[in-house]
Amino acid sequence: HGLACVSITGAPRTGNSTGLTQPGAEAAFLDDIEGACQVAKRFGAENLITFVGRVQPDVPWEKQREQIVEGLKKAGAIAEKY
């Protein structure tokens, strides 16, 4: 139909739950990003719409924020390969 894929979800399995906000969940999030990058490359999408995880009520916000910042740096390095 001549449609172009311009973006996909960047962390479809983990972004809406544990993401980078839950301690110990970073590896699963980064694996999710890697898979999304592979799909994006296959479809020619240049953008990943990424959610970083739900707010975890039992984890201090500053800890969540720290994990988000560090995790997104690592996700950026993964995306850079694609």
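Residues numbered from 1 in each chain as written. Predicted model: local features only at pLDDT ≥ 70, side-chain atom pairs only at ≥ 80, totals over all residues. Heavy atoms only, no water.

Observations concerning the overall build of the protein chain
1) Next: Broken down by element type, the protein chain carries two helices and two strands.
2) Next: Element order for the protein chain, N to C, with α for helix and β for strand: β-α-β-α.
3) Next: Expressed as lengths along the three principal axes of its C-alpha atoms, the size of the protein chain is roughly 45 × 25 × 15 Å.
4) Next: In the protein chain, 70% of the contacts between residues at least 6 apart in sequence involve partners at least 24 apart.
5) Next: On the protein chain, roughly 5,400 Å² of surface is accessible, and the fraction owed to carbon and sulfur atoms is 55%. (Helix = DSSP H or I, 4+ residues; strand = E, 2+ residues; numbered from the N terminus. Contact = heavy atoms within 4.5 Å. Areas by Shrake-Rupley, 256 points an atom, 1.4 Å probe, with all protein chains shown as cover.)

Brief notes about the pattern of salt bridges
1) Next: The final tally for this structure, using the stated rule, is four salt bridges.
2) Next: Residues glutamate 26 and lysine 74 are paired through a salt bridge, measuring 2.9 Å at the closest nitrogen-oxygen approach. Of the two residues, glutamate 26 sits in helix H1 (residues 26-43) while lysine 74 sits in helix H2 (residues 61-80), which places them 48 residues apart along the sequence.
3) Next: The partly exposed category is assigned to lysine 74, whose relative accessible area is 40%.
4) Next: Among the salt bridges present, the one from lysine 73 reaches glutamate 70, with a minimum N-O distance of 3.5 Å. (Salt bridge = Lys/Arg side-chain N within 4 Å of Asp/Glu carboxyl O. Buried < 20%, exposed > 50% of the residue type's maximum accessible area, 1.4 Å probe, protein only.)

Let's talk about the nonpolar core
Nonpolar side chains tend to gather and get buried jointly when the protein is soluble and globular.
1) Next: By size, the foremost hydrophobic cluster in this structure holds nine residues: Ala11, Leu20, Phe29, Leu30, Ile33, Cys37, Ile68, Ala75 and Ile78.
2) Next: Counting residues per element, the ones that place at least two in this core are H1 and H2.
3) Next: Tallying contributions element by element places H1 first for this core, with four residues.
4) Next: Those residues within four positions of isoleucine 33 in sequence are excluded, and the remaining contacts are Gly10, Ala11, Thr50, Ala75 and Ile78. (Core = buried A, V, L, I, M, F, W, Y, C linked by side-chain atoms within 4.5 Å.)

Section: H2
1) Next: The end-to-end C-alpha distance of H2, which contains 20 residues, comes to 28 Å, matching closely the 28 Å that a straight helix rising 1.5 Å per residue would cover.
2) Next: Those residues of H2 that are buried are in contact with H1. (Expected span 1.5 Å × (residues − 1).)

Some points on the packing of H1 against H2
1) Next: Here H1 crosses H2 at 30 degrees, and the two axes come no closer than 10 Å. When the axis of H1 is compared with that of H2, the two are roughly parallel. Crossing of H1 against H2: the hand is right-handed. Between H1 and H2, the contacting residues are Glu26, Phe29, Leu30, Ile33, Glu34 and Cys37 on the first element and Glu70, Gly71, Lys74, Ala75, Ile78 and Ala79 on the second.
2) Next: Along the lines of polarity and charge, the residues of the contact of H1 with H2 split into seven nonpolar, one polar and four charged. (Axes fitted to C-alpha atoms, helices over the stretch in contact; angles between N-to-C directions. Parallel < 35°, antiparallel > 145°, perpendicular 65-115°, else oblique. Left-handed = near helix turned anticlockwise from the far one by under 90°. Nonpolar A, V, L, I, M, F, W, Y, C, P; charged D, E, K, R; others polar.)

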